Amino acid sequence: MSADKNANAPELSEASAEPRKRVKEDEAMLGKIPLRFNILARYKRARASVLTLPHGDVRTPVYMPVGTKATLKGITSEELANIGYRLCLSNTYHLASIPGADLMAEYGGLHKFMNWPYNLLTDSGGFQMVSLSQLCEITEEGVEFENPYDKRKMFMRPEDSIHIQNAIGADIVMALDDVVKTTTVGPRVEEACDRTIRWIDRCLVAHRRKEEQNVFPIVQGAVDLKLRERCLSALIQREANGFAIGGLAGGESKDDFWKVVAFCTERLPEEKPRYLMGVGYPVDLVVCACLGVDMFDCVFPTRTARFGVALTRYGEVKIKNSEQRDDFRPLQEGCQCPTCKKFTRTYLNSIMTKAGVSCHLLTLHNLHYLFNLMLGIHNSIIDGTLEDYVNRFLEDYFSQEKSIPKWVLDALEKAEINVKVYKNEEQKNGSTTA
Amino acid sequence: MEEMHARLAKLPTFSLVARRGALYQLTPHNQGKLDISHVTVPFADMLHMQRTLLRFKEKGFDARRFFGFERYNIILSPVIFSEQLTAGISRADAVKVQDVGLKEVTLSQYNQIATQLSPNFLVSLTEEPDKKEGGLKSNKRALTKARDMFSKTTQELKETAPDVKVLAPVLLTKFQELLEGHIQSLLQQNVAGLFLYGLSKNDDAETRAKRLQEVITHLPKEGKPLLFLSGNGTPEEVLQCTALGVDIFETDYPFVHAEKGFALSFEVKMPEETVEGERKQEFGRNAKTISLKEEKYLRDVGPLVEGCECFACKNHTRAYVHHLLRCDEMTGFVLLTIHNVARYSDLFAEVRKHLSAGTLDRFSSWFLST
């Protein structure tokens, strides 16, 4: 570990509440920071960029698949890279237990351990501690939780989370935040918002590998815009190369969801990447990219694959359904993924629940679909055709329902994307009470 | 016969059993890294999709295209080693086949499905007597029906599927006196290949040799039909039975070990200088494997097997596979499967080399003593 590397760099004293100065432009250009964000083009609020990290370039907006325990389930690092992915996630919560930070350091870090030569992002463990542990108690000092594997009581302070993530060695690491369920109301939300701010300073001080890894703070505040404002304005005072919007994709309404996203993207620094955590439904990805989000992660696409659901241009295909039993078409006509090039729906139906490889085949398809969806957004921003792209997406994706959810229309209106498809009379007349 | 031999020049080889429509954990991409030449599709796995199968020709499909097995020779078989998939019934033109319970399948039905699947090789319909309970009567009936069904199938497929090579099932019965007549009858029909089945998991090397000898005794030295063996596929079996004349080994050996978290770790390259010691008759020993679940691999950042050139060994470590297994991650089984199939086909490459060089005996002795 490179604790000594930064021995000469000015360190924040632990007691200090003084925010660091913003990083100067020329310092970034000298390559002293492990992230460059080059916005190639804009379309209203959306941006198409190249995010340069220590392990290479990533085109944004980007969806990051989740490889929880140092692998995507059933997919080798090589298969993932072959689809085109250059940035994926792993989970500190799990890796901290198995194999643990010390062993991970001994292995030379996660890139080496899983033989992934491209970029990695690790989350802090905060979300899993809250959602997966039987016991979870949060105090100012840190989080006490029950280890999921051996039921031991463990304690994770912000410093611990960062140090474990230093050992794992991901290119982007997440600050430990005080996470509350989106449906929480009352003083707990405010407490979480303020604590998140205090913890970011501890995270930044504890960070040992400033030239190799980026710490992203996470904006909290549930669906309370005042708290979001409070949290956000404090966080952007801190020296960070990118920011995340956390605490969403829980139980909140879609209306609250998009409004918080829009609120945050409006106020987060323009020239830095914005990462919306836990979002991965195709519609959500498209809408939030239009609202100015650059990075996404979610287990949904890969998890739903293992349950036999393929994501396609025309919506979900539930491969276990009897109507797929006799269908000789691929999951999606024209799809160039390894699954669609070789197999029919009827084949996939016949092996689903019987042969484990069925999960891998559907996972490969879903990953391929999402990669191309995001690449399409990126490219259409660059050539100025995002609005057409979004309209074609909506037309295909909602071709069964022939109507678009109101929240999508509202959000896209905010994003200044003109929706021309499936509008009923009211919508055409400008009223949005569909 | 010559044409088939030319196509199958690389003998002996193995045929991997594709249970339930897949080669265990292998996606097409990962299959592409491996030297697989033959795949066995158990007929029982096809029964539940009969209705779909009957539309294959209309839709331009056959088994190769449907399963993504375009690169392989496909053997469609009613019986496999690892599970009893058929049961006998008295009806002369039908057999009971496992499909969530036993279903009666007529010869006509079997052949109709076979025609749609259009495999390279079709083992004609046969039944397998109960391994424990099967007495003389059921064994005799199995062989009689097999002969009869083989003969009818050969006739029928000449018209409906002339490209399919029909293999005659030969039950490796303990009632060995039944075999001479059975084999003579098949030879008279100019059989292209014999599918030897009916070995039990408890059969030791001596019993296996005896059963096979009883078949081989009745085969001509010149123009011997191709011999397929449905067995456990252990290296010992492969060495023993190659020497006896088996050409293709139907097996799921690499998969079975991967499923348990084992990597095949036997050495296959015999060093140039070996002392010609006494031949060891240890055919019953298990092949060398390592169990990646063991804690001792926690810190081992070497390949699964030193010197192995497979994708898994060149790109990943014991520690990583150990971690994946510990976390119950499917990727661990994927990597083990890739390694095991690669290792297994390396073994066959060496067996072929020594067979044609005339050094199979020496290789077998060396292999079994290491």
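Residues numbered from 1 in each chain as written. Chains lettered and ligands numbered in written order. Predicted model: local features only at pLDDT ≥ 70, side-chain atom pairs only at ≥ 80, totals over all residues. Heavy atoms only, no water.

Another aspect to go through is the overall build of chain B. When you go through chain B residue by residue, the secondary structure sums to 15 helices and 13 strands. Taken over C-alpha atoms, the radius of gyration comes to 21 Å for chain B, in line with the 21 Å a tight globule of 370 residues would show. Residues classed as buried in chain B amount to 61% of the 370 residues present. For chain B, restricting intrachain contacts to residue pairs at least 6 apart in sequence, the fraction spanning at least 24 positions comes to 74%. When the accessible surface of chain B is summed, it comes to about 15200 Å², and 47% of that surface belongs to carbon and sulfur atoms. Looking at chain B, you have 48 positive and 48 negative side-chain charges, and the mean spots of the two groups are 3 Å apart. (Helix = DSSP H or I, 4+ residues; strand = E, 2+ residues; numbered from the N terminus. Rg over C-alpha atoms; globule rule 2.2 N^0.38 Å. Buried < 20%, exposed > 50% of the residue type's maximum accessible area, 1.4 Å probe, protein only. Contact = heavy atoms within 4.5 Å. Areas by Shrake-Rupley, 256 points an atom, 1.4 Å probe, with all protein chains shown as cover. Lys, Arg positive; Asp, Glu negative; His and termini not counted. Charge placed at Lys NZ, Arg CZ, Asp CG, Glu CD.)

All names here are of chain B. Looking at the secondary structure, you find A161 in the loop between α7 (136-160) and β8 (165-171). Judged by relative accessible area, A161 falls into the buried class, the value being 8%. Distance from A161 to Q112, taken between C-alpha atoms, is 9.9 Å for residues 49 residues apart in sequence.

Right, let's talk about the packing of helix α9 (residues 225-235) of chain A against helix α10 (residues 254-267) of chain A for a bit. All names here are of chain A. Look at α9 against α10: their axes get within 11 Å of each other, and the N-to-C directions meet at 30°. Classed by the angle they form, the pair α9 and α10 counts as roughly parallel. Crossing geometry of α9 relative to α10 is assigned as right-handed. Contacts between α9 and α10 pair L225, R228, E229 and L232 from the former with K259, V260, F263, C264 and R267 from the latter. Residues that form the contact of α9 with α10 fall into these classes: five nonpolar, no polar and four charged. (Axes fitted to C-alpha atoms, helices over the stretch in contact; angles between N-to-C directions. Parallel < 35°, antiparallel > 145°, perpendicular 65-115°, else oblique. Left-handed = near helix turned anticlockwise from the far one by under 90°. Nonpolar A, V, L, I, M, F, W, Y, C, P; charged D, E, K, R; others polar.)

Glancing now at the interface of chain A and chain B. Facing 40 residues of chain A, the contacting portion of chain B comprises 41 residues. When chain A packs against chain B, the two sides together hide about 3500 Å² of surface, and 60% of this comes from carbon and sulfur. There are six salt bridges connecting chain A and chain B. We note a salt bridge from K73 of chain A to E329 of chain B, for which the minimum N-O separation is 2.7 Å. At the boundary of chain A and chain B, one finds 20 residue pairs in polar contact (both at pLDDT 80 or more). Contributions of two or more residues to the side of chain A that touches chain B are made by α2 (77-83), α4 (101-107), α14 (345-351) and α15 (357-382) of chain A. Take the side of chain A that touches chain B: its biggest share by element is five residues, from α15 of chain A. When the residues that make up the side of chain A that touches chain B are grouped by side-chain class, the tally is 19 nonpolar, eleven polar and ten charged. (Buried area = accessible area lost by both parts, 1.4 Å probe. Salt bridge = Lys/Arg side-chain N within 4 Å of Asp/Glu carboxyl O. Polar contact = N/O pair within 3.5 Å; in protein donor to acceptor, adjacent residues only side chain to side chain.)

Moving on to the sheet that holds strand β4 (residues 86-87) of chain B. Residue and element names in this part refer to chain B. With respect to topology, three strands assemble into an open sheet ordered β4-β5-β6, the strand pairing being antiparallel. Across the chains shown, the open sheet's two edge strands, defined by having one partner strand only, are β4 and β6 (102-106). Where strand β5 (residues 94-98) and β6 come together, five bridges link them in antiparallel fashion. Bridge pairing in β6 links K96 to E104. (Pairing = 2+ DSSP bridges.)

This part takes up the sheet that holds strand β5 (residues 87-91) of chain A. Residue and element names in this part refer to chain A. Strands sit in the order β5-β6-β10-β11 across an open sheet of four strands; the sheet is parallel. Of all the strands in the sheet, the pair left with one neighbour each is β5 and β11 (214-216). Between one strand and the next, the sheet's axes are offset by a mean angle of 25°, whatever the strand orientation. Judged from the two bridges that link them, strand β6 (residues 119-123) and strand β10 (residues 172-174) form a sheet pairing that is parallel. Its bridge partner lying in β10, L121 is registered against I172.

A separate point is the pattern of salt bridges. Taken as a whole and judged by the stated rule, the model has 53 salt bridges over all chains. Between D62 of chain B and R64 of chain B there is a salt bridge; the shortest N-O distance is 3.1 Å. Look at D62 of chain B and you get buried, because its relative accessible area is 18%. Through salt bridges with shared partners, a single ionic network connects E140, D178, R188, E191, R195 and R198 of chain A.

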